[in-house]
Amino acid sequence: MPKLNLNREPMPRQDPKLRSKNFNEVALGYSAEQAEAEASRCILCPRHSCIDGCPVEVDIPDFIKAIGDGDMPEAVRILKSKNSLPGICGRVCPQETQCEATCSLAKKGAPIAIGRLERYVADWERANMESTNSPIIQPTPSGKRVAVVGSGPAGLTAAADLAKLGHSATIFEALHTAGGVLIYGIPEFRLPKDIVQAEVDYVTSLGVKVELDSVIGKLVTIDELLNNGYDAVFLGTGAGLPMFMGIPGENLNGIYSANEFLTRVNLMKAYQFPAYNTPVKVGKRVAVIGGGNVAMDSARCALRLGAEEVYIVYRRSEVEMPARREEVENAKEEGIQFKLLTVPKRFLGNDQNWVVGMECYEMELGEPDESGRRRPIVKEGSEFIIDVDVVIVALGTTPNPLIAQTTGGLETTKQGTVVADEETGKAAKPKVWAGGDIVTGAATVISAMGAAKLAAADIDRYLRE
Amino acid sequence: MYKILLRQDLVPNIHLFKVWAPAVAKKAQPGQFVVIRIDERGERIPLTIAGWDTEEGSVTIVFMEVGTTTHRLALLEAGNSITDFIGPLGLPTHIEKFGTVVCVAGGFAVATIVPIARAMREKGNKVISIMGARNKSLIFWEDELRSVSDQLIVTTDDGSYARQGLVTEPLKELLEGNERIDRVIAIGPSIMMKFCAQTTEPFGVKTIVSLNPIMVDGTGMCGCCRVSVGGVTKFACVDGPDFDGHQVDWDLLFARQRIYLDEEKRSFEQWQSQHDILS
């Protein structure tokens, strides 16, 4: 029985004081030595329970073994045979609740750093391999055409898989750049945009066409796509409608939805204003309402823009926060302050309609609610005021209703999600499939990819009937 | 890339572009808008659709030079291209046989109102149009608007052309007159729309305005364009841009339009100094 190595290789990161002033990547990536050291910790257990934790079923032990053997091209081949966006997943997947949670060494407190190794392989490929313009698989064209709506993780994955199966896939993207939430939501310091572009380029190298500036539901409807040469449609339009609290003062100047704030900063590069023409308000005291990854991203962007004080305002305690542990730690290191068990009651403005303060309640935790987490209860009479000049509301998003409003026969729920079969992604409307946040509500990049893979497989079955 | 097929300088600082965008032209309806981005560093800005030609595959936009983006746009000539041209966005103006419709256009909004007046007339409405500008040098598309109206009243603030006064004056006269007015459409600078709505309110005539808050995506994903109508928050880009003028919280609209005044000034000053260095 080989001796277990429980020393997880740490991820080198930019110093917190330095990084809180720039938008460069925080996590710097493993060196070759670190990657080999971490890969050699894998005991190649026969159970390979890590694969069970992966929504796209990457052959994890195989690619790790290839790293250990020094065969990087093989590691790339194995990884990319299941995951078309490894540079992205290696950075943003919550591996700690997925493959690393089911790793045999997890119960010893030292699971293999699968995510960091995935990132290492993806980055190695970008740096070392010739452009992948001629894909290894050259499938026979089926003559069938699929319209993919949305160029986020679900759309990119569905289109890539369909192309690999021989179908002609065209992605329709509403924005002026491809990537969806990868490009407008997740900040540069967590997911560099040149990596997103490289992954998009890989998808287009498979023969996938991308039509930008195309708002499906406005420019053309789903029925028009089906009546004009497309044999099937996959909806990967995500959950892009911001939720507001509906409390007094929410329309004051300086109050943003996280979507608007992040879109200005990430997609429109407002952190380089005025060289990039889109502005964003840089507050002195910024409050971010919410406790998820989007809240962490918003807070850390606000800090980097130059805010003096940035607060995360969350109604429960730290243990209930849905954000990745790693990002909460990063935020704390950077100096972001956490005001927990706090909920805004109303926003206070001056006579020019600018937000100047936020009146909040203190909360306490009661019995668990439907989410399984302890329910936050208002402490009556506990109101207090926090001075703020910018507020970012990061409470979550729901699907943009445009597709549902312009597509007959699509079954939707009260929350605005499209109803689709869990195993196949098949929607109620003939020839239409859906996957990702449009079906589940806001979730993760990798779960969108998993759903897209299932749908692409089912679309393929249908097209070959 | 969307090529500019034609450029017309209508009046000082107001320009017309016919842009090649066949898919948008095919779907465009009166009252809708497009979002454009000049290039990689440019902002996304909304511009109302002033016309479209499905045979030529073109969409007409009319814009006024105000800040950095519109000044940069004004440097483009026919043959140049705009990087992004997204549309048609927003809900189209509700066109129905109402009876007699008064279309009021303030300033460069005459471009927006022409397709609406045309559609109203084609639906069987009697269309009375009012267009106003500060002075004679800023009057354009008078013939275009006349050709789609049963009656046209032109005003200039300083009386240098046609009738002296603001557009609200002939509007009030029409409402006080013998003819029943069934609907008013008022489009122009926010303050002008507010005053038109205030003018029609005592007469109880439904007045539709086209709100122009700041926008980024134009598809309902960010909430930047939120306005308050009847006490309810709406996104102008997807719930509008048309709204009931009597229900709009105008003060909120004015306030939110001022959010980036400092940044707009800074951006324009920087662009101007760079532009002066180059020219």
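Provided above is the structure to which this section pertains.
Bear in mind that the values here come from a model prediction, so they are computed numbers and not experimental data.

A. Just helix α11 (residues 193-205) of chain A, in detail. Residues and elements named next belong to chain A. Here α11 is 13 residues long and its end C-alpha atoms lie 18 Å apart, about the 18 Å a rise of 1.5 Å per residue gives. Buried residues along α11 sit in contact with α5 (72-82), α6 (86-92), α8 (114-128), α9 (153-164) and α10 (181-184). Of the residues trailing α11, Gly207 is marked for its positive phi of about 105°.

B. Examining the sheet that holds strand β6 (residues 81-82) of chain B more closely. Residues and elements named next belong to chain B. Strand order across the open sheet formed by 7 strands is β6-β1-β2-β5-β4-β3-β7, with antiparallel pairing between neighbours. Edge positions in the sheet fall to β6 and β7 (84-89), since each has one partner strand and no second. Sheet topology note: the strand β2 (residues 14-20)/strand β5 (residues 58-64) ladder contains 7 bridges and is antiparallel. Bridge assignment links Ile14 to a residue of β5, and that residue is Met64. Lying on the sheet, helix α3 (residues 110-122) is in contact with β4 (45-53) and β5; it crosses β4 at an angle near 45°.

C. Looking closely at the pattern of salt bridges. Summed over the entire model, instances satisfying the criterion amount to 48 salt bridges over all chains. Close ionic contact of Arg41(A) with Glu38(A) constitutes a salt bridge, the shortest N to O distance being 2.8 Å. Taken together, the positions of Arg41(A) and Glu38(A), both in helix α2 (residues 32-41) and 3 residues apart, correspond to about one turn of that helix. One salt bridge in this structure joins Lys27(B) and Glu224(A), with 2.8 Å as the shortest N-O distance. With one member in each of two chains, Lys27(B) in helix α1 (residues 22-27) and Glu224(A) in helix α12 (residues 222-227) form a pair that bridges those chains. Each of Arg13(A), Arg19(A), Arg190(A), Asp297(A), Arg300(A), Arg304(A), Glu327(A), Glu333(A) and Glu334(A) takes part in one network of salt bridges that share partners.

D. Molecular detail of the interface of chain B and chain A. Each side of the interface is counted separately: chain B has 44 residues, and chain A has 42 residues. The interface formed by chain B and chain A holds 2 salt bridges in total. When contributions to the side of chain B that touches chain A are tallied by element, the ones reaching two or more residues are α1, α2 (68-73), β7, β15 (232-235), α8 (250-257) and α9 (261-278) of chain B. Its residues placed into classes, the side of chain B that touches chain A shows 18 nonpolar, 12 polar and 14 charged.

E. Focus on the sheet that holds strand β8 (residues 309-313) of chain A. All names here are of chain A. Strand order in the open sheet made by the 5 strands is β6-β14-β7-β8-β9, with parallel pairing throughout. The sheet terminates laterally at β6 (255-257) and β9 (337-339), the two strands that pair on one side only. Mean inter-strand twist for the sheet, computed between neighbouring axes without regard to direction, equals 25°. Together, β7 (285-289), β8, β9 and β14 (390-393) form the strand contacts of helix α14 (residues 293-305), whose direction differs from that of β8 by roughly 170°.

F. Up close: a nonpolar patch on the surface. A contiguous nonpolar patch, built from Leu5(B), Leu6(B) and Trp20(B) and spanning about 250 Å² of accessible area, is present on the exposed surface. Within the secondary structure, Leu5(B) is located in strand β1 (residues 2-11).

What counts as what
- Numbering of residues begins from 1 in every chain and follows the order in which that chain's sequence is written.
- Going through the entries in the order they are written, you letter the chains from A and number the ligands from 1.
- Thresholds applied to this predicted model are a pLDDT of at least 70 for local features of residues and 80 or more for the giving and counting of side-chain atom pairs; totals over whole chains, interfaces and linings are not thresholded and use all residues.
- Heavy atoms throughout the structure, all of them, feed into the side-chain values; hydrogens and water do not.
- A run of H or I in DSSP counts as a helix once it spans at least four residues, and a run of E counts as a strand once it spans at least two, with each numbered from the N terminus.
- Helix span is expected to be 1.5 Å times the residue number reduced by one.
- Two residues form a contact once any of their heavy atoms are found within 4.5 Å.
- DSSP-based pairing: two strands are paired if at least 2 bridges between them are found.
- Helix axes are fitted only over the stretch in contact, all axes being lines through C-alpha atoms; the angle between N-to-C directions runs from 0 to 180 degrees.
- By convention in these notes, a salt bridge is any Lys or Arg side-chain nitrogen within 4 Å of a carboxyl oxygen on Asp or Glu.
- Here the term charged refers only to Asp, Glu, Lys and Arg, the term nonpolar to Ala, Val, Leu, Ile, Met, Phe, Trp, Tyr, Cys and Pro, and the term polar to all other amino acids, Gly among them.
- What makes a patch is a set of residues exposed beyond 30% relative accessible area and free of salt bridges, joined within 9 Å when like-charged and within 5 Å when nonpolar (Val, Leu, Ile, Met, Phe, Trp, Tyr).
- To measure how exposed things are, a 1.4 Å probe is used in the Shrake-Rupley method; for residues, cover is taken only from the protein chains shown.

Purely spatial values, then, with no claim about function.
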